[in-house]
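So the chains spell out like this:
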Amino acid sequence: MRDDGDVDTAFADAPRERIVVADYAVPYLAHTTMEPMNATAQLKDGVLDIWCGNQAPTILRQLCANQIGIEQDKITVHTTFLGGGFGRRIEMDYALYAAQMAKETGGRPIKVTWTREEDTRHDAYRPAAVGKFQARLGDDGLPIALDIKLASPSVIAGVLQRLFPSISPIGPDKTIVDGAFDQPYTIPNYRVSGIAAPVSIPAGFWRSVGASINGFFHEGFMDEIAVAGKIDPVELRKKLMADHPAAVKVVEKVAEMANWGEALPAGKAKGIAFSLSFGSWVAEVVQVADTPNGIRIEKMWIAADVGTALDPDIIKAQLTSAAIYGLSAAMSQEITFADGAVEQSNFHDFDAMRIFQCPEFEVAVLENFHKMGGVGEIGTPPAAPALANAIFALTGKRIRSLPLSKEVTFA
């Protein structure tokens, strides 16, 4: 999806001391919406009414019509509040079960509710992924070549198979490389390759999709480049993104908000990450502290350029929500499998960030870019790398796989 310059030639004669290499990995993740999957359906006199939180009511009506054999104009979808979506409620399984069972109840409504355990163990998961990164640094410490190889199961192929099995995916799955190939860094030789891994575990949309994976990979490695090149992480990003004023301005804004570069007391550190996703430019800084009970996430600063801010309060709420979602996954979440089954079942072994762990947030909404961007997902991609980069600054430990709790303890 990106092949600028001549990467192979750039690495061919590179001195070993100018090469930076790293392998990154992330696990499968469930959505764990606060309201488990549920739907209520009533089929009476050939007319179906269905009530549920969903992210695609038109598709829901179409699939229900196919499921029970009536015309779409005989179906009314009552879309309730989501109770949490994050991509999980674009899947239709729970609603189709309710529609199918409504055929058997003689016109009475029926409600289907999954237990938390069923919900956790029968999800369409954010896929696991791996990334191989290699950079060549120039004499000034800036990268002159970057080679990225990414592999994960195809989200698009999985979703299409479940929703529209008659449609075959055409071309590559861009979500495998989203958040890596499309970043506004100017590097003369820059290649990003994606490989669709043939894994049968159901993969689905998860808040910010491929950018949630590659944001961690790409921005963690950018921090490694900054360290290897002896360049401040903020200055590195400003120099590499100089051709993109919107990117530079959000980095400058978040650095100003966080008072980047200040002398911190012993036992405190900051990390930064940037991501362009869904048409919006976002930079985040996390401050962490070493405490007797573990690492405490003290504060998070977010600067986002969405082009045109129609409702700043909603934008700030979405950015904060998305950042918490990303931090939760980074800290402790992982779905694992044994004997063909998911091992996790509830919040005791797949936990979200608790309110006492949440940092203080400060959010700035910018309107410099000439196009309007998205809001609901853009705060997630930079969250994990900003936290991981802060932990490196605090401890000197570079963590390249999630969850971070495998390497550190959080207070």
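Our structure is the block above this text.
Residues numbered from 1 in each chain as written. Predicted model: local features only at pLDDT ≥ 70, side-chain atom pairs only at ≥ 80, totals over all residues. Heavy atoms only, no water.

Visitor: Where do I start with the overall build of the protein in this structure?
Guide: A tally of regular secondary structure across the protein gives 10 helices and 15 strands. Relative to a compact globule of 411 residues, whose C-alpha radius of gyration would be 22 Å, the protein shows 22 Å and is just as compact. Oriented by its inertia axes, the alpha-carbon framework of the protein measures out at about 75 × 50 × 50 Å. Out of the 411 residues in the protein, the part that is buried amounts to 56%. For the protein, the proportion of contacts with a sequence separation of at least 24, taken over those separated by at least 6, is 76%. Of the accessible surface of the protein, which amounts to about 17,500 Å², a share of 53% is contributed by carbon and sulfur atoms. Both charge centroids of the protein, one from 38 positive and one from 50 negative side chains, sit 1 Å from each other. (Helix = DSSP H or I, 4+ residues; strand = E, 2+ residues; numbered from the N terminus. Rg over C-alpha atoms; globule rule 2.2 N^0.38 Å. Buried < 20%, exposed > 50% of the residue type's maximum accessible area, 1.4 Å probe, protein only. Contact = heavy atoms within 4.5 Å. Areas by Shrake-Rupley, 256 points an atom, 1.4 Å probe, with all protein chains shown as cover. Lys, Arg positive; Asp, Glu negative; His and termini not counted. Charge placed at Lys NZ, Arg CZ, Asp CG, Glu CD.)

Visitor: Sorry if this is basic, but what is going on with the sheet that holds strand S3 (residues 38-44) here?
Guide: The strands making up a sheet associate through backbone hydrogen bonding, with each pair oriented either parallel or antiparallel. Pairing within the open sheet is mixed, and its four strands lie in the order S5-S4-S3-S6. Two strands in the sheet have a free side with no partner beyond their single neighbour: strand S5 (75-79) and strand S6 (110-113). The mean angle between the axes of side-by-side strands here comes to 15°, regardless of whether they run parallel or antiparallel. As paired elements, strand S4 (residues 47-52) and S5 share five bridges and run parallel to each other. Bridging across to S5, Leu 48 finds its partner in Ile 75. Sheet strands touched by helix H2 (residues 57-68): S3, S4 and S5. Its angle to S5, the strand with the most contacts, is close to 140°. (Pairing = 2+ DSSP bridges. Axes fitted to C-alpha atoms, helices over the stretch in contact; angles between N-to-C directions.)

Visitor: How do you make sense of the sheet that holds strand S12 (residues 294-305) when you look at a structure like this?
Guide: If you trace the four strands from one edge of the open sheet to the other, you get S10-S11-S12-S15, paired in mixed fashion. Across the chains shown, the open sheet's two edge strands, defined by having one partner strand only, are strand S10 (268-277) and strand S15 (360-366). Averaged over all pairs of adjacent strands, the angle between strand axes in this sheet comes to 15°, irrespective of strand direction. Two elements, S10 and strand S11 (residues 280-291), share 10 bridges in a ladder whose sense is antiparallel. When the bridges of S11 are listed, Leu 276 appears paired with Trp 281. Taken strand by strand, helix H8 (residues 245-257) contacts S10, S11, S12 and S15, and its axis lies near 140° from that of S12.

Visitor: What's the story with the pairing of strand S9 (residues 189-196) in this structure? I'm lost.
Guide: On a regular strand, each side chain points to the face opposite its neighbour's, so the side chains alternate between the two faces of the sheet. Across three bridges, the pairing between strand S1 (residues 2-4) and S9 is antiparallel. Counted as the bridge partner of Asp 4 is Tyr 190 from S9. The pairing of strand S8 (residues 143-152) with S9 spans eight bridges and is parallel. From the neighbouring strand, Lys 149 faces S9, where its bridge partner is Ser 193.

Visitor: Please clarify how H8 should be interpreted in this entry.
Guide: Structural remark: α-helix, 3.6 residues per turn; residues separated by three or four positions point the same way. If you check H8, its first and last C-alpha atoms are 18 Å apart, about what 13 residues at 1.5 Å a residue would give, namely 18 Å. The complete set of buried residues in H8 reads Ala 246, Ala 247, Val 248, Val 250, Val 251, Val 254, Ala 255 and Met 257. Packing partners of the buried residues in H8 comprise helix H7 (233-240), S10, S11, S12 and S15. Looking at the residues trailing H8, positive phi occurs at Asn 259, about 55°. (Expected span 1.5 Å × (residues − 1).)

Visitor: Looking at this structure, I do not really get the pattern of salt bridges. What am I missing?
Guide: Between side chains of opposite charge, a pair can form as their charged atoms come close. Applying the stated criterion across every chain yields a total of 22 salt bridges. The closest approach of N and O atoms between Asp 23 and Lys 132, which form a salt bridge, is 3.3 Å. Taken together, the residues Asp 23 in strand S2 (residues 19-26) and Lys 132 in strand S7 (residues 129-137) connect sequence positions 109 residues apart. Residue classification places Asp 23 among the partly exposed positions, given a relative accessible area of 48%. Judged by its relative accessible area of 49%, Lys 132 is partly exposed. (Salt bridge = Lys/Arg side-chain N within 4 Å of Asp/Glu carboxyl O.)

Visitor: Even after reading the chapter, I still don't get the state of the cysteines, so can you show me in this structure?
Guide: As used in these notes, a disulfide is a covalent bond between sulfur atoms, one from each of two cysteines. In the structure shown here, the tally under the stated rule is zero disulfides. Here Cys 52 is not cross-linked by a disulfide; its sulfur's nearest cysteine counterpart is in Cys 64, at 7.5 Å. Since its relative accessible area comes to 1%, Cys 52 is described here as buried. Its relative accessible area of 0% is what places Cys 64 among the buried residues. (Disulfide = S-S within 2.5 Å.)

Visitor: Any chance you could explain the environment of Pro 57 here in plain terms?
Guide: Along the polypeptide, Pro 57 turns up in helix H2. When its relative accessible area of 38% is taken as the criterion, Pro 57 is described as partly exposed. Remark: the alpha-carbon pair of Pro 57 and Asp 173, spanning 116 residues in sequence, is separated by 24 Å. Setting aside residues no more than four positions away along its own chain, Pro 57 makes contact with Val 77 and Thr 79.

Visitor: Even after reading the chapter, I still don't get the nonpolar core, so can you show me in this structure?
Guide: Nonpolar side chains in soluble globular proteins tend to be buried together. By size, the foremost hydrophobic cluster in this structure holds 87 residues, and its most contacted members are Phe 274, Leu 387 and Leu 404. With 31 residues, the next largest nonpolar core counts Leu 48, Val 77, Ala 102 and Ala 203 among its residues. (Core = buried A, V, L, I, M, F, W, Y, C linked by side-chain atoms within 4.5 Å.)

Visitor: In this structure, what is going on with the side chain of Asn 189? I would like to understand it.
Guide: Counting through the fold element by element, Asn 189 comes out in strand S9. Since its relative accessible area comes to 14%, Asn 189 is described here as buried. There is a polar contact of 2.8 Å between the side chain of Asn 189 and the backbone nitrogen of Asp 6. (Polar contact = N/O pair within 3.5 Å; in protein donor to acceptor, adjacent residues only side chain to side chain.)

Visitor: Would you take a moment to explain helix H10 (residues 383-395) for this structure?
Guide: For H10, spanning 13 residues, the distance from its first C-alpha to its last is 18 Å, which sits close to the expected 18 Å at 1.5 Å a residue. Across the 13 residues of H10, 10 count as buried, placing the element largely inside the fold. All buried positions along H10 are accounted for by Ala 383, Ala 384, Pro 385, Ala 386, Leu 387, Ala 388, Asn 389, Ala 390, Ile 391 and Leu 394. Once H10 finishes, Gly 396 follows within two positions and takes phi at roughly 80°, a positive value.

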